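The residues making up each chain are set out below.
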Amino acid sequence: MEVPLSVISSSVVRGAILLSDFEGIDHRKFFVVMGISKDKVCGFFFINSNVHPLIFNKQELLDLQYPLKHSDYTFLKYDSFLCASTVIERNLSDIADDISRGGTSIIGKLKDEHISDVLQMVNSSVAISNRHKKLYFQ
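On a predicted model such as this, the values are computed, not experimentally measured, just so you know. (Residues numbered from 1 in each chain as written. Predicted model: local features only at pLDDT ≥ 70, side-chain atom pairs only at ≥ 80, totals over all residues. Heavy atoms only, no water.)

*Asks:* Give a detailed account of unusual backbone geometry, specifying residues and quantitative values.
*Replies:* Positive phi, close to 65 degrees, is recorded for Lys40, a residue that is not glycine. As for its position among the elements, Lys40 is in the loop between strand 2 (29-36) and strand 3 (41-48). (Helix = DSSP H or I, 4+ residues; strand = E, 2+ residues; numbered from the N terminus.)

See the structure below:
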């Protein structure tokens, strides 16, 4: 029995951790949905193994690297970072369709306290646009 896309879509919520391929990236990436707009567009952040070196000299972007411990998220091979310095957007319907085809997998959910920390971090940042804050992080 095939799972309806509406059921799959309802599983993609704030804090959902997914794994997928992305154009221009040579490996599958974990990402965390942090908000869904009224138009059903997801705003999300990548999980990276390390903080990118170009960020080290930009404090406002360095402040948007949220540490994730392997002990909290066993699917991670090692301690990693949620990179909240760049908001990526994708239609919820595209994510749900890719889940139904097997190209994207739901891996888990960010802990509630980590969701709260990330929302506070993002909403207090000058590097995140007011548009993105209103759409995804309220």
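*Asks:* Please give an account of helix 3 (residues 92-101) that cites residues and values.
*Replies:* Listed as buried for helix 3 are Leu92, Ile95, Ala96, Asp98 and Ile99. Buried residues of helix 3, viewed axially, fall in a sector of 160 degrees; they line one side. (Buried < 20%, exposed > 50% of the residue type's maximum accessible area, 1.4 Å probe, protein only. Arc of directions from axis to C-beta.)

*Asks:* Provide a residue-level description of the sheet that holds strand 1 (residues 16-20), including the pertinent values.
*Replies:* Here 6 strands make up an open sheet; going across it, the order is 4-5-3-2-1-6 and the pairing antiparallel. Single-partner strands in this sheet number two, and they are strand 4 (65-68) and strand 6 (105-109). The average angle at which neighbouring strand axes cross in this sheet is 40 degrees, direction not considered. As paired strands, strand 4 and strand 5 (residues 80-91) are joined by 4 bridges and run antiparallel to one another. Of the residues in strand 5, the one forming a bridge with Leu68 is Ser80. Packed onto the sheet, helix 4 (residues 112-123) meets strand 2, strand 3, strand 4, strand 5 and strand 6 and runs at close to 165 degrees relative to strand 4. (Pairing = 2+ DSSP bridges. Axes fitted to C-alpha atoms, helices over the stretch in contact; angles between N-to-C directions. Contact = heavy atoms within 4.5 Å.)

*Asks:* I'd like to hear about helix 4, residue by residue, with values.
*Replies:* For helix 4, with 12 residues, the first-to-last C-alpha span of 16 Å sits near the 16 Å given by 1.5 Å per residue. Three or more residues of helix 4 are buried, namely His114, Ile115, Val118, Leu119, Met121 and Val122. For helix 4, the angular spread of buried residues about the axis comes to 165 degrees, placing them on one side. Away from its buried face by more than 90 degrees, helix 4 exposes Asp112 and Gln120. (Expected span 1.5 Å × (residues − 1).)

*Asks:* Explain the pattern of salt bridges to me, and be specific about the residues and the numbers.
*Replies:* Counted by the stated rule, this structure contains 6 salt bridges. Between Arg101 and Asp97 there is a salt bridge; the shortest N-O distance is 2.3 Å. Of this pair, Arg101 and Asp97 both sit in helix 3, 4 residues apart, which is roughly one turn of the helix. Across the pair Asp98 and Arg101 runs a salt bridge, and its minimum N-O distance is 2.8 Å. Pair noted here: Asp98 and Arg101 are both in helix 3, with a separation of 3 residues, about one helical turn. Looking at Asp98, the relative accessible area reads 14%, which means it is buried. It is possible to trace a salt-bridge network through shared partners that takes in Asp97, Asp98 and Arg101. (Salt bridge = Lys/Arg side-chain N within 4 Å of Asp/Glu carboxyl O.)

*Asks:* Talk me through the side chain of His132; I want residue IDs and the actual numbers.
*Replies:* On the secondary structure map, His132 appears in helix 5 (residues 130-136). Looking at His132, the relative accessible area reads 15%, which means it is buried. Not counting the four nearest positions on each side in its chain, His132 is found in contact with Val87, Glu89 and Phe137.

*Asks:* If you had to explain the pairing of strand 3 to someone new, which residues and values would you point to?
*Replies:* With 8 of 8 residues buried, strand 3 is to be regarded as a mostly interior element. The alternating pattern of strand 3 places Val41, Gly43, Phe45 and Ile47 and Cys42, Phe44, Phe46 and Asn48 on opposite faces, both of which are buried. Two strands pair when backbone bridges link them, and strand 2 and strand 3 are joined in this way by 5 bridges, in the antiparallel orientation. Bridging from a neighbouring strand, Val33 pairs with Phe44 of strand 3. The hairpin formed by strand 2 and strand 3 contains 4 residues between the paired strands, and Lys40 there has a positive phi angle of roughly 65 degrees. Relative to strand 5, strand 3 is paired through 7 bridges, and the arrangement is antiparallel. Paired with Asn48 across the strands is Phe81, a residue of strand 5.

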